[in-house]
Amino acid sequence: QVQLVESGGGLVQAGGSLRLSCAASGRTFSRYAMGWFRQAPGKEREFVAAISWSGGSTYYADSVKGRFTISRDNAKNTVYLQMNSLKPEDTAVYYCAAGAYSSNRFEYDYWGQGTQVTVSS
């Protein structure tokens, strides 16, 4: 069992930066790939970024490639999402998830409660 708690969301102006954190409980954190997803009002939850269990592999949605960076610290049971050059269209609730190394949300077994990111123009 893995419990996930996100933090670091907030209100930022376009062009600004935020770093999201996702703290995991449980000793099996390092066995899971981790992903970040987001959901804007009226839209489906969409993939943002994923990182393999070792941190050696990452991939990103085209919409965030070059602006966002996912990383993890298995010693701290934490995964991060560094978000730079933020745009108003990045506004959403951001969720971290633990599961398979995938962009498919149905392949993730555990989810956090989400953290709101709002980017003003």
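Quick caveat: nothing in here was measured; it's all calculated off a predicted structure.

Participant: Break down the sheet that holds strand β3 (residues 18–25) for me, with residues and values.
Facilitator: Spatially, 4 strands are ordered β1-β3-β8-β7 in an open sheet, and the strand pairing comes out antiparallel. Each end of this open sheet is capped by a strand with a single partner; those strands are β1 (3–7) and β7 (68–73). Between one strand and the next, the sheet's axes are offset by a mean angle of 15 degrees, whatever the strand orientation. As defined by bridge partners, β3 adjoins strand β8 (residues 78–83) across 6 bridges and the pair is classed as antiparallel. Counterpart to Leu 20 in the pairing with β8 is Leu 81.

Participant: Account for the environment of Thr 115, with residues named and values stated.
Facilitator: Mapped onto the elements, Thr 115 comes out in strand β11 (residues 115–120). Placed 105 residues apart in sequence, Thr 115 and Gly 10 show a C-alpha to C-alpha distance of 8.0 Å. Apart from residues lying up to four places away in sequence, Thr 115 is in contact with Glu 6, Ser 7, Gly 8, Gly 9, Leu 20, Ala 92, Val 93 and Tyr 94. A polar side-chain atom of Thr 115 sits 3.2 Å from the main-chain amide nitrogen of Gly 9.

Participant: Hey, could you go over the pattern of salt bridges for me, with residue numbers and the actual values?
Facilitator: Enumeration over the complete set of coordinates arrives at 5 salt bridges. In this structure, Glu 46 engages Arg 38 in a salt bridge whose closest nitrogen and oxygen atoms are separated by 2.6 Å. On the basis of relative accessibility, which here comes to 36%, the residue Glu 46 falls in the partly exposed class. Overall, the relative accessible area of 6% leaves Arg 38 in the buried class. Salt bridges sharing common partners tie together Arg 38, Glu 46, Arg 67 and Asp 90.

About the criteria used
- Residues numbered from 1 in each chain as written.
- Predicted model: local features only at pLDDT ≥ 70, side-chain atom pairs only at ≥ 80, totals over all residues.
- Heavy atoms only, no water.
- Pairing = 2+ DSSP bridges.
- Helix = DSSP H or I, 4+ residues; strand = E, 2+ residues; numbered from the N terminus.
- Axes fitted to C-alpha atoms, helices over the stretch in contact; angles between N-to-C directions.
- Contact = heavy atoms within 4.5 Å.
- Polar contact = N/O pair within 3.5 Å; in protein donor to acceptor, adjacent residues only side chain to side chain.
- Salt bridge = Lys/Arg side-chain N within 4 Å of Asp/Glu carboxyl O.
- Buried < 20%, exposed > 50% of the residue type's maximum accessible area, 1.4 Å probe, protein only.

By themselves, these figures tell us nothing about what the structure is for.
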